[in-house]
Amino acid sequence: MHIKPIHNEQDYQQALHAVAAYFDNEPELNTPEGDRFEVLLTLIAAYETRHYQIDPPDPIEAIKFRMEQEGLTAKDLVPMIGQVNRVYEVLNRKRGLTTKMMWRLHQDLGISAESLIRPSAG
């Protein structure tokens, strides 16, 4: 198993190419090929974390995305945000999220706290 660190974009592309074949035919765990696959994925993830960092989404967009995923309506957010009119104010960026709202959205809907505390784009 010849695996080396990923130092640059060329190394990254080579690692992606090497791991691509495993996605069509994933190797068994605890085998030499399975170990190679796991190590390559770890190296790729580490390189991507350093060089392709993705910012968390805007808090309102994160809420809307979760609503769409779960088929939720504004009325479903009342326990987390307050009366329906307040929910619409938040979703339309007329009112900011309070710490209590952020906590409830995080607890009840599993939206990352990092996304919720980020300043809203609008």
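From a predicted model like this one, the values you see are computed outputs, not experimental measurements. (Residues numbered from 1 in each chain as written. Predicted model: local features only at pLDDT ≥ 70, side-chain atom pairs only at ≥ 80, totals over all residues. Heavy atoms only, no water.)

Any chance you could break down the overall build of the chain for me, citing the residues and the numbers?
The helix and strand tally for the chain stands at seven helices and zero strands. Ordered by position from N to C terminus, the α and β elements of the chain give α-α-α-α-α-α-α. Computed over its C-alpha atoms, the radius of gyration of the chain comes to 21 Å, more than 25% above the 14 Å expected for a compact globule of 122 residues. Taking the principal axes of its C-alpha atoms as reference, the chain extends roughly 60 × 30 × 20 Å. A total of 122 residues make up the chain; the buried ones form 30% of that total. Taking the intrachain contacts of the chain between residues at least 6 apart in sequence as the baseline, contacts between residues at least 24 apart amount to 57%. Where the 13 positive side-chain charges of the chain centre and where its 18 negative ones centre are 15 Å apart. (Helix = DSSP H or I, 4+ residues; strand = E, 2+ residues; numbered from the N terminus. Rg over C-alpha atoms; globule rule 2.2 N^0.38 Å. Buried < 20%, exposed > 50% of the residue type's maximum accessible area, 1.4 Å probe, protein only. Contact = heavy atoms within 4.5 Å. Lys, Arg positive; Asp, Glu negative; His and termini not counted. Charge placed at Lys NZ, Arg CZ, Asp CG, Glu CD.)

Mind laying out the nonpolar core, listing which residues take part and the relevant values?
With 18 residues, the main nonpolar core has Ile 63, Leu 77, Ile 81, Leu 97, Leu 105 and Leu 116 as its most contacted residues. For this core, the secondary-structure elements that each account for two or more residues are α3 (59-70), α4 (78-81), α5 (84-91) and α6 (99-109). Setting aside anything within four residues of it in sequence, one finds Ile 81 in contact with Arg 86, Val 87, Val 90, Met 101 and Leu 105. Of all hydrophobic cores here, the second largest spans nine residues; its members include Ala 15, Tyr 22, Leu 40 and Ile 44. (Core = buried A, V, L, I, M, F, W, Y, C linked by side-chain atoms within 4.5 Å.)

Break down the packing of aromatic side chains for me, citing the residues and quoting the values.
In this structure the tally under the stated criterion is five aromatic pairs. Each ring, one from Tyr 12 and one from Tyr 47, has its centre 4.9 Å from the other, and the planes form 25°; the classification is stacked. Residue Tyr 12 is located in helix α1 (residues 9-24), and its partner Tyr 47 is located in helix α2 (residues 32-51); the two are separated by 35 residues in the primary sequence. On the basis of relative accessible area, Tyr 12 is assigned to the buried category, the value being 8%. The interplanar angle of 40° and the centroid separation of 5.6 Å between the aromatic rings of Tyr 12 and Tyr 52 together place this pair among those described as tilted. Here the residue Tyr 12 occupies a position in helix α1, and Tyr 52 occupies one in the loop between α2 and α3, the gap between them amounting to 40 residues. For Tyr 52, a relative accessible area of 39% puts it in the partly exposed group. Three or more aromatic residues joined by ring pairs form one cluster here, namely Tyr 12, Tyr 47 and Tyr 52. (Phe/Tyr/Trp six-rings, centres within 6.5 Å; stacked < 30°, edge-to-face > 60°.)

Talk me through α1; I want residue IDs and the actual numbers.
Taking 1.5 Å as the rise per residue, α1 with 16 residues should run 22 Å; its terminal C-alpha atoms sit 24 Å apart, in good agreement. When we look at burial in α1, the residues that qualify are Asp 11, Tyr 12, Ala 15, Val 19 and Tyr 22. In this structure Asn 8 caps α1, since a side-chain oxygen of it lies 3.1 Å from the backbone nitrogen of Gln 10. (Expected span 1.5 Å × (residues − 1). Polar contact = N/O pair within 3.5 Å; in protein donor to acceptor, adjacent residues only side chain to side chain.)

Just give me the short version of the packing of α1 against α2, but keep the residues and values in it.
α2 packs onto α1 with a crossing angle of 140° between their chain directions and a minimal axis gap of 10 Å. In this view, α1 runs oblique relative to α2, as classed from their interaxial angle. In this structure, α1 meets α2 at a crossing whose hand is left-handed. Along the contact surface, α1 presents Glu 9, Tyr 12, Ala 15, Leu 16, Ala 18, Val 19, Tyr 22 and Phe 23, while α2 presents Glu 33, Arg 36, Phe 37, Leu 40, Leu 41, Ile 44, Tyr 47 and Glu 48. Taken together, the residues of the contact of α1 with α2 break down into 12 nonpolar, no polar and four charged. (Axes fitted to C-alpha atoms, helices over the stretch in contact; angles between N-to-C directions. Parallel < 35°, antiparallel > 145°, perpendicular 65-115°, else oblique. Left-handed = near helix turned anticlockwise from the far one by under 90°. Nonpolar A, V, L, I, M, F, W, Y, C, P; charged D, E, K, R; others polar.)

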